[in-house]
Amino acid sequence: MAWDEVAADVFVKRYEAGDVNVVAILGPKGVTVIDTRGSPAEAREIVGDVAKRFGTPIVGAVNTHAHYDHSFGNSVFVDLGVPVIGHHRIPDHYAAFEGPRLRAWQADPAREPDKQWDHVVLTQPTVLIQRSTTLTASGRNIELIPISRGHTDTDLIVYVPDAGVWALGDAIEESGPPMFGSGCWPIEWPAALDEVLLRMQPNDVVVPGHGRLVDREFVTRQAIALHAVEDAIKSAHAAGAGIEEALDTVQLPWPKWMLRSAFEQGFSQLDQRLPSGH
């Protein structure tokens, strides 16, 4: 697919592998790339596509979160001397989730035959941020906004204020229901989206991690759906219901296998909030 200009000098390319969106923000001094995809080969494809389309240097790359399909290409950008910027919790997430998964695959690639991780070197961002930060290296202001825990505890929102474009990573998804994957916080995710909605304008362009472009109304609907998951988890936990019992009775527009992960993680997080002795 070609680069699609979604606002003034903001381009999105939707790659077939994983249906991942990569954003290229063009400034007078260079391009800032949002997300590095799922392997060195996929990252090199980004680099080649940017050079062919824009003919200007890449001055920065950003990870919207720590999951493999958005950050396993980091090493390619680092080797080129490009700063990679990400949430300060990415190293901890790598240690808990992506690192063990990668090592397990390397020991037995048959466990995930659709992955091509032979040459992946797990590479954390070279610039770790804890608070909202404005990138200026491209000659254009790009805001990076760490939000509360949601899809992961490493979610980093990218906002281009002069174009009204938001890249939300997997804090929202269009090509399928939001995934309650590794390191997810299902009982806090809705509030994280509510934070973003406070700043988002009706006519802003929203780029999800996967799928077609959306708008503020779509983000609002997804926040409402995630609030329903949060409420169901809290209600079942407060009632003392087991996870399987809760899954048999809950009415939510997710397949049962996806909700199981949400309930397991939500119950665990709620248990950690209880005072000792409960």
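That block above? That's the structure.
Below or above, wherever it landed, is the structure these notes cover. (Residues numbered from 1 in each chain as written. Predicted model: local features only at pLDDT ≥ 70, side-chain atom pairs only at ≥ 80, totals over all residues. Heavy atoms only, no water.)

## Some points on the side chain of His-151
Within the fold, His-151 resides in the loop between strand S9 (142-146) and strand S10 (156-160). Reaching out from His-151, the side chain makes a polar contact with the backbone oxygen of Met-179 at a distance of 3.1 Å. Apart from residues lying up to four places away in sequence, His-151 is in contact with His-65, His-67, Asp-170, Ala-171, Glu-173, Met-179, Ser-182, Gly-183, Cys-184 and Trp-189. (Helix = DSSP H or I, 4+ residues; strand = E, 2+ residues; numbered from the N terminus. Polar contact = N/O pair within 3.5 Å; in protein donor to acceptor, adjacent residues only side chain to side chain. Contact = heavy atoms within 4.5 Å.)

## Things to note about the layout of surface pockets
Approximately 720 Å³ is the volume found for the largest pocket. Along the walls of the largest pocket sit 30 residues, with Tyr-68, Asp-69, Arg-101, Lys-115 and His-210 positioned nearest its centre. Mapped onto the lining of the largest pocket, the elements with two or more residues apiece are helix H1 (40-54), helix H2 (68-71), helix H4 (90-107) and helix H8 (256-273). When grouped by side-chain class, the residues that make up the lining of the largest pocket number nine nonpolar, eleven polar and ten charged. (1 Å grid on protein atoms, 1.4 Å probe; cavity = no way out; pocket = protein on both sides within 12 Å on 5 of 7 lines; lining within 4 Å. Points joined across faces, edges and corners; volume = space filled by probe spheres on them. Nonpolar A, V, L, I, M, F, W, Y, C, P; charged D, E, K, R; others polar.)

## With respect to empty space enclosed by the protein
Applying the stated criterion across every chain, the model contains one cavity of 30 Å³ or more. By volume, the largest cavity is sized at about 50 Å³. Of all the elements in the fold, those that place two or more residues in the lining of the largest cavity are strand S3 (20-27), strand S11 (165-169) and strand S12 (205-208). Counting residues per element, the lining of the largest cavity draws most heavily on S11, at three residues. By residue class, the composition of the lining of the largest cavity is six nonpolar, four polar and one charged.

## Concerning the nonpolar core
By size, the foremost hydrophobic cluster in this structure holds 39 residues, and its most contacted members are Leu-168 and Phe-263. Only S10, S11, helix H5 (189-199), helix H6 (216-238), helix H7 (243-249) and H8 provide two or more residues apiece to this core. Residues in contact with Leu-168, not counting those within four places in the same chain, are Ile-157, Val-196, Met-200, Val-206, Val-207 and Val-219. Counting 20 residues, the second largest nonpolar core, distinct from the first, contains Val-6, Ile-142, Leu-156 and Val-207. (Core = buried A, V, L, I, M, F, W, Y, C linked by side-chain atoms within 4.5 Å. Buried < 20%, exposed > 50% of the residue type's maximum accessible area, 1.4 Å probe, protein only.)

## Here's the deal with H5
Of all the positions in H5, only Trp-189, Pro-190, Ala-192, Leu-193, Val-196 and Leu-197 are classed as buried. Buried residues of H5, viewed axially, fall in a sector of 155°; they line one side. The inward-facing, buried residues of H5 abut S10, S11 and H6. (Arc of directions from axis to C-beta.)

## Some thoughts on the side chain of Ser-71
If you trace the backbone, Ser-71 turns up in helix H2. Given the relative accessible area of 1%, Ser-71 is considered buried. Excluding anything up to four places from it in sequence, Ser-71 contacts Thr-36, Arg-37, Asn-63, His-65, Ala-66 and Tyr-94.

## Examining the pairing of strand S5 (residues 58-62)
A regular strand carries its side chains on alternate faces of the sheet. The buried fraction of S5 is high, at four of five residues. Once the chain exits strand S4 (residues 30-34) it traverses H1 before rejoining the sheet at S5, and the crossover so formed is right-handed. Of the strand pairs in this sheet, S5 and strand S6 (residues 84-87) are connected by two bridges, and their pairing is parallel. Residue Val-62 lies in a different strand from S6, and its bridge partner there is Ile-85. (Right-handed = clockwise from strand over helix to strand, strands pointing away. Pairing = 2+ DSSP bridges.)

## Things to note about the packing of H5 against H6
Two elements in contact, H5 and H6, have axes whose closest approach is 8 Å; the angle formed by their N-to-C orientations is 155°. When the axis of H5 is compared with that of H6, the two are roughly antiparallel. Note that H5 runs across H6; the crossing there is left-handed. Seen from H5, the contacting residues are Trp-189, Pro-190, Ala-191, Leu-193, Asp-194 and Leu-197; seen from H6, they are Arg-216, Val-219, Thr-220, Gln-222, Ala-223, Leu-226, His-227 and Glu-230. (Axes fitted to C-alpha atoms, helices over the stretch in contact; angles between N-to-C directions. Parallel < 35°, antiparallel > 145°, perpendicular 65-115°, else oblique. Left-handed = near helix turned anticlockwise from the far one by under 90°.)

## Some words on the sheet that holds strand S8 (residues 133-135)
Pairing between the strands of a sheet is mediated by backbone hydrogen bonds and can be parallel or antiparallel. Strand order in this open sheet of five strands is S8-S9-S10-S11-S12, and the pairing throughout is mixed. Here the strands that pair on one side only, and so sit at the sheet edges, are S8 and S12. Taken pair by pair, the neighbouring strands of this sheet meet at an average axis angle of 20°, ignoring direction. Taken together, the four bridges between S9 and S10 define a ladder with antiparallel strand orientation. Across the sheet, residue Ile-145 finds its bridge partner in S10, namely Ile-157. Those strands touched by H5 are S9, S10 and S11, and its axis lies near 175° from that of S11.

Shape descriptors only; they carry no functional weight alone.
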